[in-house]
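Structural characterization, general
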Amino acid sequence: QVQLVESGGGLMQAGGSLRLSCAASGGTFSSYAMGWFRQAPGKEREFVAVISRSGGYTYYADSVKGRFTISRNNAKNTVYLQMNSLKPEDTAVYYCAAREGIVVRTTTRDYDYWGQGTQVTVSS
């Protein structure tokens, strides 16, 4: 059983930056591909970014490509999401998720474990 705890959310003005962290425990972190998702009020949870087990492969949603960077530190059992040039439409609860195995996926149903989420609010 893997436990995931996100941190780093907050209130930021448009154009600013935030870095989210997700600390994992209870499993072999390097066995999991890690993803970030987000959910805005009244909307479905959507894919943001994913990173492979080794960190050698990353993939982003078009809406964040070039602004967000996903990374991981397997020695610290932590995955990060660096968010730059924030926009009001980035406002959402951000979740990290873990998927066991080598294949990276972008849909919520493919992930085995989820964190509780951290709120990111971007003001205009």
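As a reminder, the structure under discussion sits directly above these lines.
Residues numbered from 1 in each chain as written. Predicted model: local features only at pLDDT ≥ 70, side-chain atom pairs only at ≥ 80, totals over all residues. Heavy atoms only, no water.

Here the focus is the pattern of salt bridges. One pass over the full model with this rule turns up 4 salt bridges. Glu 46 is the partner of Arg 38 in a salt bridge, and the nearest nitrogen-oxygen pair spans 2.7 Å. The class of Arg 38 is buried, set by a relative accessible area of 5%. Several salt bridges converge on common partners, so that one network encompasses Arg 38, Glu 46, Arg 67 and Asp 90. (Salt bridge = Lys/Arg side-chain N within 4 Å of Asp/Glu carboxyl O. Buried < 20%, exposed > 50% of the residue type's maximum accessible area, 1.4 Å probe, protein only.)

Time to look at the nonpolar core. Leu 4, Met 34, Trp 36, Leu 81, Met 83 and Tyr 94 are the most contacted members of the largest nonpolar core, which totals 34 residues. Secondary structure elements with two or more residues in this core: β3 (18–25), β4 (32–39), β5 (46–51), β7 (68–73), β8 (78–83), β9 (92–100) and β11 (118–123). Residue contacts for Leu 4: discarding those within four places in its chain leaves Cys 22, Ala 23, Ala 24, Met 34, Cys 96, Ala 97, Ala 98, Tyr 113, Trp 114, Gly 115 and Gln 116. (Core = buried A, V, L, I, M, F, W, Y, C linked by side-chain atoms within 4.5 Å. Helix = DSSP H or I, 4+ residues; strand = E, 2+ residues; numbered from the N terminus. Contact = heavy atoms within 4.5 Å.)

With antiparallel pairing, the 4 strands of this open sheet are ordered in space as β1-β3-β8-β7. Since the sheet does not close on itself, it has two edges, and those belong to β1 (3–7) and β7, each with one partner. The average undirected angle you get between the axes of adjacent strands in this sheet is 15°. (Pairing = 2+ DSSP bridges. Axes fitted to C-alpha atoms, helices over the stretch in contact; angles between N-to-C directions.)

Okay, the pairing of β4 next. Within β4, 7 of the 8 residues are buried, which leaves the element mostly enclosed by the surrounding structure. Bridge count between β4 and β5: 5 bridges; the pairing is antiparallel. Each bridged residue has a counterpart across the sheet, and for Arg 38 the counterpart in β5 is Glu 46. Adjacent in sequence and paired antiparallel, β4 and β5 are bridged by 6 residues, among which Gly 42 carries a positive phi angle near 75°.

Attention now moves to the packing of aromatic side chains. One pass over the structure, following the stated rule, counts 6 aromatic pairs. Ring centres of Phe 37 and Phe 47 lie 5.8 Å apart, and the angle between their planes is 75°; this geometry places the pair in the edge-to-face category. Here Phe 37 is found in strand β4, whereas its partner Phe 47 is found in strand β5, with 10 residues between them in sequence. For Phe 47, a relative accessible area of 13% translates into the label buried. Members of the aromatic cluster, connected to one another through ring pairs, are Phe 37, Phe 47, Tyr 59, Tyr 111 and Trp 114. A cation over a ring is seen here: Arg 72 above Phe 29, with NZ or CZ 4.4 Å from the ring centre. (Phe/Tyr/Trp six-rings, centres within 6.5 Å; stacked < 30°, edge-to-face > 60°. Lys NZ or Arg CZ within 6 Å of the ring centre and 35° of its normal.)

Any functional reading would require information that these geometric values do not contain.
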